[in-house]
Amino acid sequence: TLPQFAPVGNLPPYPTRRQLIHPRFFFDKARRAFNLKFRADNRRFQIDRILQHYGYYMTGDFKRFINSIINEKKPDLFQVEFYQYLKMADILPKGLKKIFIHHELRFVRNDRFLQPYSLSRKEARLQKFIKMEEIRDCNKYDAVVTVTDVDRQQLANVGLTVPLYTSTLAINTPTLNYNKWNRRVVFVGGTSHTPNLEGMEW
């Protein structure tokens with residue numbers, strides 16, 4: 001099992017506006033919004049959207065923000081979540097214990113999403129490079145935690161050398177009949193996140 005650590009208290013959020021002042025992030029945001037509006041059916045955009053990183057940029061301001069929290073809180077453990085932040089291992093101080101919570105293996109997701117497409121050589125090379133990059137970046141952490149045993153085994157199979165753990169998101173429970181079910185559900189969550197929308201529709 002993973003070691004237990006005491007919480008370090010509330011951490012301040014990093015405001016999106018501090019990313020928007022960086023021209024490249026602002027430009028990429030605007031270009032993505034334009035393409036989603038006017039080129040959503042374009043093959044090249046669809047493939048680029050699958051393969052390209054999308055998240056906070058590791059700008060100097062972002063690095064200073066993270067390190068100021070570390071210097072103030074002096075944590076025993078730094079936890080990083082979601083593929084978009086995998087490269088955060090590169091900006092963390094040496095010697096700080098860090099774990100990565102891998103909600104969804106990106107290379108598996110890419111394989112599935114790209115199945116309908118016939119990739120060019122360049123696109124196929126990029127897909128392979130992204131997979132190797134994900135494995136290399138995972139190995140920079142002291143441990144990686146997946147949310148299924150299948151994902152944990154997948155990472156072991158592709159060459160992860162750091163300790164791997166599973167912390168499942170769901171458990172099996174007995175099937176129960178709810179007599180008072182009125183076929184109404186209240187859900188709070190962003191519909192721009194596809195799994196949320198698919199879950200609601202289901």
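Located above this text is the structure these notes cover.
Every chain's residues receive numbers from 1 upward, in the order its sequence appears when written. It should be noted that, the model being predicted, local features are given only for residues of pLDDT at least 70 and side-chain atom pairs only at 80 or more, the latter also being counted only at that level, while totals for whole chains, interfaces and linings use all residues. Hydrogens and waters are ignored; side-chain quantities use all the structure's heavy atoms.

*Asks:* Just give me the short version of the overall build of the protein chain, but keep the residues and values in it.
*Replies:* Counting from the N terminus, the helices are DSSP H or I runs at least four residues long and the strands are E runs at least two residues long. Counting its secondary structure elements, the protein chain contains eight helices and four strands. In sequence order, the secondary structure elements of the protein chain are arranged as α-α-α-α-β-β-α-α-β-α-β-α. Overall, the C-alpha framework of the protein chain stretches about 50 × 45 × 40 Å when taken along its three principal axes. Relative accessibility under 20% of the residue-type maximum defines a buried residue, over 50% an exposed one, and the middle range a partly exposed one, all with a 1.4 Å probe and only protein chains included. A buried classification covers 28% of the 202 residues belonging to the protein chain. Throughout, a residue-residue contact means that at least one pair of heavy atoms, one from each residue, lies within 4.5 Å. Considering only residue pairs separated by 6 or more positions, the protein chain has 57% of its internal contacts joining residues 24 or more positions apart. Surface accessibility of the protein chain: about 14800 Å² in total, with carbon and sulfur atoms responsible for 53%. Throughout, the Shrake-Rupley method with a 1.4 Å probe supplies accessible areas, and for residues the shown protein chains are the sole cover considered.

*Asks:* Quick rundown of the pattern of salt bridges? Include the residues and the values.
*Replies:* Between Lys or Arg on one side and Asp or Glu on the other, a salt bridge is scored when a side-chain nitrogen of the former is within 4 Å of a carboxyl oxygen of the latter. Considering all chains together, one arrives at eleven salt bridges under this definition. When the shortest N-O distance is used, the salt bridge between R24 and D28 registers 4.0 Å. Residue R24 and its partner D28 are both found in helix α2 (residues 23-38); the two are separated by four residues, about one turn of the helix. The class for R24 is exposed, based on a relative accessible area of 59%. Here R152 ties to D149 by a salt bridge, and the two come within 3.4 Å at their closest N and O atoms. In this pair, R152 and D149 both sit in helix α7 (residues 149-157), three residues apart, roughly one turn of the helix. Salt bridges sharing common partners tie together K87, D90, E133, D137 and K140.

*Asks:* Before we move on, can you summarise the nonpolar core with the specific residues and values?
*Replies:* Within soluble globular proteins, side chains that are nonpolar generally end up buried alongside one another. Formed by 32 residues in total, the largest nonpolar core has its most connected members in I66, F78, M88, Y141, V144, L155 and L160. Where this core is concerned, the elements lending two or more residues are α3 (43-51), α4 (60-73), β1 (77-81), α5 (106-114) and α6 (121-138). Among the elements that make up this core, the one with the highest residue count is α4 (five residues). Remark: nonpolar core denotes a set of buried residues (Ala, Val, Leu, Ile, Met, Phe, Trp, Tyr, Cys) joined through side-chain atoms within 4.5 Å.

*Asks:* So what about α2? Which residues, and what values?
*Replies:* In this analysis, the expected span of each helix is defined as 1.5 Å times one less than the number of residues it contains. Taking 1.5 Å as the rise per residue, α2 with 16 residues should run 22 Å; its terminal C-alpha atoms sit 22 Å apart, in good agreement. Buried residues along α2 sit in contact with α1 (16-20) and α3.

*Asks:* How would you explain the side chain of D137 if you had to name every residue and give the values?
*Replies:* In this structure, D137 sits in helix α6. Ignoring any residue separated from it by four or fewer positions in sequence, one finds D137 in contact with L86 and K87.

*Asks:* Break down the sheet that holds strand β2 (residues 97-102) for me, with residues and values.
*Replies:* Hydrogen bonds along the backbone pair up the strands of a sheet, which may run parallel or antiparallel. Think of it this way: DSSP has to see at least two bridges between two strands before they count as a pair. On the basis of which strands lie adjacent, the open sheet formed by four strands has the order β1-β2-β3-β4 and parallel pairing. Whereas interior strands pair on both sides, the edge strands pair on one side only; in this sheet they are β1 and β4 (164-166). Looking at each pair of strands side by side, their axes are set apart by 25° on average, direction ignored. Note that strand β3 (residues 143-146) and β4 share three bridges and pair parallel. Axes here mean lines fitted to C-alpha atoms, for a helix over just the part in contact, with angles spanning 0 to 180 degrees between N-to-C directions.

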